[in-house]
Amino acid sequence: MSNKSSANKWPLAQFVTLAVVWGASFLFIAIGLEGLSPAQVVLGRLGSGAVALAAISLVRRQQLPARPVVWAHLAVVALLLCVAPFLLYAWAEQTIGSGLASIYNATTPLMTTLVALVALPQERPSKVRLLGLLAGFLGVLIVLGPWRGAGGGSLAAQAACLAATACYGLGFVYLRRFVSPRGLPSLSLATVQVGLGAVMMLILTPWIAMAPVHLTPRVVASILILGMAGTGLAYVWNTNLVAAWGAANASTVTYLTPIVGVSLGVAILAEPVSWNQPVGAVVVVAGIAISQGRLAAITRWRRTPAPAQRQPLDQSSSGRTEA
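The text that follows walks through the structure, step by step, so that each part is easy to find. Computed from a predicted structure; not experimentally measured.

**Things to note about the environment of Gly280**
By the secondary structure assignment, Gly280 is in helix H13 (residues 276–291). You can call Gly280 buried: its relative accessible area is 0%. If sequence neighbours within four positions are ignored, Gly280 has contacts with Gly139, Ile142 and Val143.

Printed below as a string of structure tokens:
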């Protein structure tokens, strides 16, 4: 009861905060790399995120899943949604800017749809959805800028970003197929998922995360924010948004994260931006909107006859509710 009421009191604030935190995650990764290796950034991110989610679960007295098969499935999800993509993004940002990485992250819904085409045949897309997919990947091609003859390091880093979003696509489809039908509480699933990801990184630490560290207040603060907010609290905010606005409306936060990521990269790290990156990002977002049927929804809304003038109070009330 209290969770729903808190979500309904300030959903717009949570939406904006979520967009800023997720968009800024790529900036925090770049700052973390100033004193840590990519694997150490991921270890710190997952460790602090696991602590944050465990604390929230304790406060809310949220029980964790009891069945071993659920933990086994969540271990796969942790690998696909946490460990692998986090490592790929951190490695890529040694070569490319945080803003460009955030643009590639916006292709996640497209990758998820593409994986669902193969893994979930019952979810056959319409022609409009396929058109959105094609438009989205055209945007990726524009961002990549093959006509510029990108250098090997930059090209490999951009490919790593796309591989990370492919991991997200695989992970979301796996989660939908093997975990979501069980109807378990989202917070408990996230706590186990991030916690298992942290354990995996601890196991891998002797092999991939033993480089010298150079901790500064700037680096430490970035890792804590990245983990506790971007990997921990952000999940709670997203859950509240889904409860208040619905899953479809809550997912539009994806449209804002590349804007935040590019803006912060330019403003704080003075990262260069070429014309094809924002243009490609706009095409990617348009493709996502088409594939999710949002443009068709806007068209239907504009064609809907206006209500009778004798009901002005109902119109204003409805507008406030939807806002």
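**Quick notes on the side chain of Thr165**
Relative to the assigned elements, Thr165 resides in helix H8 (residues 152–179). According to the relative accessible area criterion, Thr165 is buried, its value standing at 0%.

**Looking at the nonpolar core**
Core analysis: the largest hydrophobic core is formed by 60 residues, its most contacted members being Leu46, Leu74, Tyr89, Ile96, Tyr104 and Cys161. Of all the elements, helix H4 (residues 68–92) adds the most residues to this core, at 11 residues. When near neighbours in sequence (up to four residues on either side) are disregarded, Cys161 contacts Tyr89, Ala92, Ile96, Ala101 and Tyr104. Counting residues in each nonpolar core, the second largest holds 9 residues, with Phe15, Leu18, Val21 and Trp237 among its members.

**Here we look at a nonpolar patch on the surface**
Judged by side-chain polarity, Val51, Val213, Leu215, Val220, Leu224 and Met228 come together as a nonpolar surface patch covering roughly 500 Å² of accessible area. Among the elements that take part in the nonpolar patch, helix H10 (residues 217–245) stands out by supplying 3 residues, more than any other. With respect to the helices and strands, Met228 occurs in helix H10. For Met228, a relative accessible area of 36% gives the class partly exposed.

**Some remarks on the packing of helix H3 (residues 38–59) against helix H9 (residues 186–208)**
Close contact between H3 and H9 brings their axes to 8 Å; oriented N to C, the two are set at 150 degrees. Relative to H9, H3 is oriented roughly antiparallel. Taken as a pair, H3 and H9 cross one another with a handedness that is left-handed. Across from Ala39, Val42, Leu43, Leu46, Gly47, Gly49, Ala50, Leu53, Ala54, Ile56 and Ser57 in H3, the residues of H9 making contact are Leu187, Ala190, Thr191, Val194, Gly195, Gly197, Ala198, Met201, Leu202, Thr205 and Ile208. For the contact of H3 with H9, the per-class residue count stands at 15 nonpolar, 7 polar and no charged.

**So, the side chain of Thr257**
As for its position among the elements, Thr257 is in helix H12 (residues 257–269). In this structure Thr257 comes out as buried when scored by relative accessible area, which is 5%. Those residues within four positions of Thr257 in sequence are excluded, and the remaining contacts are Ala19, Trp22, Gly23 and Ser102.

**Observations concerning helix H2 (residues 11–32)**
When the terminal C-alpha atoms of H2 are compared, their 30 Å separation across 22 residues agrees well with the 32 Å that a helix rising 1.5 Å per residue should span. Taken as a whole, H2 carries its principal kink of about 35 degrees at Ser25. In terms of residue burial, H2 counts as a mostly covered element, since 16 of its 22 residues are buried.

Reading the values: the criteria
- Residues numbered from 1 in each chain as written.
- Predicted model: local features only at pLDDT ≥ 70, side-chain atom pairs only at ≥ 80, totals over all residues.
- Heavy atoms only, no water.
- Helix = DSSP H or I, 4+ residues; strand = E, 2+ residues; numbered from the N terminus.
- Buried < 20%, exposed > 50% of the residue type's maximum accessible area, 1.4 Å probe, protein only.
- Contact = heavy atoms within 4.5 Å.
- Core = buried A, V, L, I, M, F, W, Y, C linked by side-chain atoms within 4.5 Å.
- Patch = residues over 30% accessible without salt bridge, like charges linked within 9 Å, V, L, I, M, F, W, Y side chains within 5 Å.
- Areas by Shrake-Rupley, 256 points an atom, 1.4 Å probe, with all protein chains shown as cover.
- Salt bridge = Lys/Arg side-chain N within 4 Å of Asp/Glu carboxyl O.
- Axes fitted to C-alpha atoms, helices over the stretch in contact; angles between N-to-C directions.
- Parallel < 35°, antiparallel > 145°, perpendicular 65-115°, else oblique.
- Left-handed = near helix turned anticlockwise from the far one by under 90°.
- Nonpolar A, V, L, I, M, F, W, Y, C, P; charged D, E, K, R; others polar.
- Expected span 1.5 Å × (residues − 1).
- Bend = angle between axes of the 7 residues up to and from the residue.

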